[in-house]
Amino acid sequence: VQLQASGGGLVQAGGSLRLSCAASGLTFSSYAMGWFRQAPGKEREFVAAIRRNNGMTYYAEFVKGRFTISRDNAKNTVYLQMNTLTPDDTAVYYCGAAPFSTILSELKRGGMQYWGKGTLVTVSS
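What counts, and where the lines are drawn
Residues numbered from 1 in each chain as written. Predicted model: local features only at pLDDT ≥ 70, side-chain atom pairs only at ≥ 80, totals over all residues. Heavy atoms only, no water. Helix = DSSP H or I, 4+ residues; strand = E, 2+ residues; numbered from the N terminus. Rg over C-alpha atoms; globule rule 2.2 N^0.38 Å. Salt bridge = Lys/Arg side-chain N within 4 Å of Asp/Glu carboxyl O. Buried < 20%, exposed > 50% of the residue type's maximum accessible area, 1.4 Å probe, protein only. Pairing = 2+ DSSP bridges. Polar contact = N/O pair within 3.5 Å; in protein donor to acceptor, adjacent residues only side chain to side chain. Contact = heavy atoms within 4.5 Å. Axes fitted to C-alpha atoms, helices over the stretch in contact; angles between N-to-C directions. Core = buried A, V, L, I, M, F, W, Y, C linked by side-chain atoms within 4.5 Å.

Here we take up the overall build of the chain. From N to C terminus, the chain includes one helix and eleven strands. When the helices and strands of the chain are listed from N to C terminus, the series reads β-β-β-β-β-β-β-β-β-α-β-β. Here the chain has a C-alpha radius of gyration of 13 Å; the compact-globule value for 125 residues is 14 Å, and the two agree. Taking the principal axes of the C-alpha coordinates as reference, the chain spans close to 40 × 25 × 25 Å.

Written out as structure tokens, the structure reads:
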């Protein structure tokens, strides 16, 4: 199984980025997908998650209204559209895949079965 995150980079505050995570080696539509991030010197934290079929989404409070998670099961890809970025959003962003039955609290704790390697997002002030 591979999860390949991409789309990170350097952006000015107020700007936007779209992250992608392409999955292979698993039945993508059977997994909930999530995005997490880890800033320097901080623990990894939950950002957003999306269920497999109905597309129900969940967000951390600090990204509500700014970030949007979506998925394309035909392309085995999950996306994170990030708008109105601030320097506090600077982090390595990781995608993860969890079995469809994983409860929300476990998703938010990072209970992923598979992890990607991450993509760095740097927001300058």
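Turning next to the pattern of salt bridges. Overall, the coordinates contain five salt bridges when judged by the stated rule. Taking the shortest distance from any N to any O, the salt bridge between Asp 89 and Arg 66 comes out at 2.7 Å. You can see Asp 89 sitting in the loop between strand E8 (77-82) and strand E9 (91-99) and its partner Arg 66 sitting in the loop between strand E6 (57-59) and strand E7 (67-72), a full 23 residues away along the chain. The pair Asp 89 / Arg 66 is uniform in exposure class, with both members buried.

Here the focus is the pairing of strand E1 (residues 2-6). Taking every second residue as pointing to the same face, the buried face of E1 carries Leu 3 and Ala 5, while none of Gln 2, Gln 4 and Ser 6 on the other face is buried. Sheet topology note: the E1/strand E3 (residues 17-24) ladder contains five bridges and is antiparallel. Opposite Ser 6, over in E3, you have Ser 20 as the bridge partner.

Inspection of the secondary structure puts Thr 77 in strand E8. Within polar-contact distance, the side chain of Thr 77 engages the backbone oxygen of Lys 75 at 2.8 Å. Sequence-distant contacts of Thr 77, that is, excluding residues within four places in its chain, are made with Ser 20, Cys 21, Ala 22, Phe 28, Ser 70, Arg 71 and Asp 72.

This part takes up the sheet that holds E8. A sheet is described by the order of its strands in space; here four strands give the open sequence E1-E3-E8-E7, paired in antiparallel fashion. Lying at the two open borders of the sheet, with one neighbouring strand each, are E1 and E7. Averaged over all pairs of adjacent strands, the angle between their axes in this sheet comes to 15°, without regard to strand direction. In the sheet, E7 pairs with E8 via six bridges, with the strands oriented antiparallel.

Right, let's talk about the nonpolar core for a bit. Counting residues in hydrophobic clusters, the biggest one holds 39 residues, and the most contacted among them are Met 33, Trp 35, Leu 80, Met 82 and Tyr 93. Those residues within four positions of Met 33 in sequence are excluded, and the remaining contacts are Leu 3, Cys 21, Phe 28, Ala 48, Ala 49, Ile 50, Ile 69, Arg 71, Val 78, Gly 96 and Ala 97.

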